[in-house]
Amino acid sequence: MSELLVLRPGPMVTLQDLGRVGLMHQGIPESGAMDPEALMLANLLAGNDPGEACLEFAMFAGVFRFTAAARLAVAGGTFRASCNGVPFPVGRSIDVPEGAEVEIGPADDATWGYLAISAGFAVEPVLGSRSTHVRFALGPIPRVLTAGDRLPLRLGTLQEGPRRRATQGRQPPQARAIRVVLGPQDDRFTDEAISTFLAGTYWLTAKFDRMACRLDGPRLAHRDGADIVSDGIAYGSIQVPGDGLPLVLLADRQTTGGYPKIATIIGADLYRLVQRRPGAPIRFVAITTEEAEAAWRRHVAARNTRLAAVRDLAPPSPASAAGMMIGP
Amino acid sequence: MIVEDEEMKPEVRFRAAGDRHLVAELADVIDPSINRRVVALAAALERQRVVGIIDLLPTYRSLLVHYDPLVAGRGLLENVILRAFGNLTVDMSGAGKRWRIPVVYGGAHGPDLDEVAARHGITTDEVIALHSGAEYRIFMIGFAPGYAYLGGLPPALHTPRRPAPRLSAPAGTISIGGQQASIASVPLPTGWNLLGRTPVKAFDPMRADPFLFAAGDTVAFTPVGQPEFERLQVGIERGSITSEAFHA
């Protein structure tokens, strides 16, 4: 069987797809790609269904070896990638030969990246998804990848057809303030805390993982203390514990918790948070739920347009195509 | 089934949670009658198969609704939820499943049993009698897969959390914190007081039905010795003892 050998992995490499949806009532968060559009793009470039499982990595993926020729694609940011020491561009598919050593280093413009391999990994879903949740040991590969791991690939031969490239990019994550909807417990903060939260500048810290991302900046004062009776936690919820510093809860978050949540980052802007680099400044702007729902509808439409704009890299020449069709 | 007076019904208060989640809050207290309504509301919406609702997470006192705004918006869903709440009948006898869960108390399985007894000025046998003599309601499945938060801990056992949390307690750990009790489903750090351990697996992703409990179920504990714990553990591992064995 053809395999992907993990030689020197980055610090946070896991298998992810689009997650397990609809199990929060069982205590299970969605998991899945931190940047779903980037995962879908990597898959489309590699010739896969958009929701196929990819290797997701934070900062850099590291070094891997392919035991068979494969088609692959990297997306999420301009990660520095090479095959057998020769750099290759990301955002388009590439065919690598048997025994190829592929290295994916860091990017200046992103944190989370995706390595898609044509036909995907030969592993079975757990609870409806191939996504890894490390803390709960969920998924067919229920932990972070380490050196020496061997992941089975579905296809040992090259994907048929032309390679592909992305032709439409999205707005860079830092291009605008991150939109939030205040609540569910904004009434548990002082008026001053709400205005500080919306007027102040926060910074992404290096304390982030798939569960949460800690922010630094002006502290936010609670009304009536920092304890509430536990309730559900939405994806993108901004929780403020007793120290007054916001914590954004993400794909692998706990499903319930007892700290007040001042606001929720809208779905359309989650990538703007997670794809910023540690140390980047963050500003928040509040909109209504109805505006946020409309923003999500626009985001999905624009995302689908971008994903549909994946083009063949090297179409067969008209001459050879015509030649094929000439009969005896 | 008992249908209560309209006057006694709490109001639904909607709280914003972004563009894909909505909180329907009934109260901000831990109260069995509030929790019954939350669970009943979730069940009613589940039965209606409301188009656009992806998931319903009942908690102590509120319902987190995960929805798809490409299908249904908050305004529409609020109306659906209010209508369902208005038509709600709450079975006060408790409509969920009933469980009897074996527990080994003390020793390595319950390292805080002695301290809890000392704190309340009673013997460890009295702690065990109190803990296993009560009937608990599962208020919420949350925090981790299949992790059950129980209400109904006798006041004589209300115990503050430990000042320094433990880095990990194994799956099956039976613990108490404040006025609550819990059954751990996966290994997790915890600041609660560990009384014992059950071989019953509240969560097993490889089992045909991975989740044992649901919010609204009733739980009682039966003290067992170490040999019985091991016998059950082996049977559960082999699949010869199934979840039905623990139905009350």
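Cut-offs and rules
Residues numbered from 1 in each chain as written. Chains lettered and ligands numbered in written order. Predicted model: local features only at pLDDT ≥ 70, side-chain atom pairs only at ≥ 80, totals over all residues. Helix = DSSP H or I, 4+ residues; strand = E, 2+ residues; numbered from the N terminus. Rg over C-alpha atoms; globule rule 2.2 N^0.38 Å. Buried ≥ 20, exposed ≤ 12 C-beta atoms within 10 Å, placed from the backbone. Contact = placed C-beta atoms within 7 Å. Pairing = 2+ DSSP bridges. Axes fitted to C-alpha atoms, helices over the stretch in contact; angles between N-to-C directions. Domains from an automatic or database assignment. Nonpolar A, V, L, I, M, F, W, Y, C, P; charged D, E, K, R; others polar. Left-handed = near helix turned anticlockwise from the far one by under 90°.

Per an unreviewed UniProt entry, the recorded name for chain B is Allophanate hydrolase, and the organism is Agaricicola taiwanensis.

Per an unreviewed UniProt entry, the recorded name for chain A is Allophanate hydrolase, and the organism is Agaricicola taiwanensis.

Caption draft 1: Structural context of the overall build of chain A. Across its full length, chain A holds 5 helices and 23 strands. The C-alpha radius of gyration computed for chain A amounts to 21 Å, which stays within 12% of the reference 20 Å derived for 328 residues, consistent with globular compactness. Considering only C-alpha atoms, chain A reaches an extent of 85 × 40 × 35 Å along its principal axes. The buried share of chain A, reckoned over its 328 residues, is 50%. Across chain A, every contact between residues at least 6 apart in sequence was considered, and the portion connecting residues at least 24 apart equals 77%.

Caption draft 2: Seen up close, the overall build of chain B. For chain B, the count of helices and strands is 5 helices and 13 strands. A globule of 248 residues ought to have a C-alpha radius of gyration of about 18 Å, and chain B, at 19 Å, matches this closely. Viewed in the frame of its principal axes, chain B has a C-alpha envelope of about 55 × 40 × 35 Å. Burial analysis of chain B (248 residues in total) assigns 46% to the buried set. For chain B, contacts bridging at least 24 residues in sequence account for 63% of all contacts bridging at least 6.

Caption draft 3: Just the sheet that holds strand 9 (residues 173-177) of chain B, in detail. All names here are of chain B. Pairing is mixed around the closed barrel formed by 7 strands, whose spatial order is 5-12-9-10-7-6-13. Strand-to-strand, the axes of this sheet are offset by a mean angle of 40°, without reference to chain direction. As paired elements, strand 5 (residues 98-105) and strand 13 (residues 218-223) share 6 bridges and run parallel to each other. Each residue of the ladder has a partner; that of proline 102, found in strand 13, is threonine 222.

Caption draft 4: Main features of the domain arrangement of chain B. Residue and element names in this part refer to chain B. The domains assigned to chain B are domain 1 (6-86) and domain 2 (98-246). In this structure, domain 1 and domain 2 have C-alpha centres spaced 29 Å apart. With 7 residues of domain 1 at the contact, the number on the domain 2 side is 7 residues. Ranked by the residues each element gives to the side of domain 1 that touches domain 2, the list is headed by helix 1 (residues 32-48), at 3 residues. Here the side of domain 1 that touches domain 2 is built from residues that sort into 5 nonpolar, 2 polar and no charged.

Caption draft 5: Structural context of the pairing of strand 2 (residues 13-16) of chain A. All names here are of chain A. Alternating positions in strand 2 separate into two faces, Val13 and Leu15 on one and Thr14 and Gln16 on the other, with burial throughout. Looking at chain direction, strand 2 and strand 3 (residues 54-58) are connected through 4 bridges and run antiparallel. Bridge pairing in strand 3 places glutamine 16 opposite cysteine 54.

Caption draft 6: Spatial organisation of the domain arrangement of chain A. Residues and elements named next belong to chain A. By the assigned domains, chain A splits into domain 1 (3-165) and domain 2 (173-305). For domain 1 versus domain 2, the separation of C-alpha centres amounts to 27 Å. Listed as interface residues are 17 residues of domain 1 and, on the opposing side, 15 residues of domain 2.

Caption draft 7: Quick look at the packing of helix 1 of chain B against helix 2 (residues 74-86) of chain B. Residue and element names in this part refer to chain B. Axis separation between helix 1 and helix 2 bottoms out at 10 Å; the angle between their running directions is 115°. At the point where helix 1 passes helix 2, the crossing takes the right-handed sense. Of the residues in helix 2, those in contact with Leu41, Ala44, Leu45 and Gln48 of helix 1 are Ile81, Ala84 and Phe85.

Caption draft 8: Quick peek at the interface of chain B and chain A. Contact with chain B, which involves 38 residues of that partner, is made by 37 residues of chain A. Among the elements of the structure, strand 1 (13-16), strand 2 (21-25), strand 3 (53-58), strand 4 (62-67) and strand 6 (136-141) of chain B are those that each provide at least two residues to the side of chain B that touches chain A. By residue number, the principal contributor to the side of chain B that touches chain A is strand 3 of chain B, which donates 5 residues. Its residues assigned to classes, the side of chain B that touches chain A comprises 23 nonpolar, 8 polar and 7 charged.

Caption draft 9: Representation of helix 1 (residues 36-46) of chain A within the structure. Residue and element names in this part refer to chain A. Counting buried residues in helix 1 gives 11 out of 11 residues, a clear majority hidden from the surface. For helix 1, the set of buried residues is Pro36, Glu37, Ala38, Leu39, Met40, Leu41, Ala42, Asn43, Leu44, Leu45 and Ala46. Phi for glycine 47, located one or two positions after helix 1, is positive at around 85°.

Caption draft 10: Structural detail: unusual backbone geometry. Here the residue pair glycine 183 of chain A and proline 184 of chain A is connected by a cis peptide bond, since its omega of 5° sits within 30 degrees of zero. Among the structural elements, proline 184 of chain A can be located in the loop between strand 13 (178-182) and helix 2 (191-199). One non-glycine residue, phenylalanine 143 of chain B, lies in the positive phi region at around 80°. With respect to the helices, strands and loops of the structure, phenylalanine 143 of chain B is situated in the loop between strand 6 and strand 7 (148-151). Note on phenylalanine 143 of chain B: 22 C-beta atoms within 10 Å, which makes it buried.

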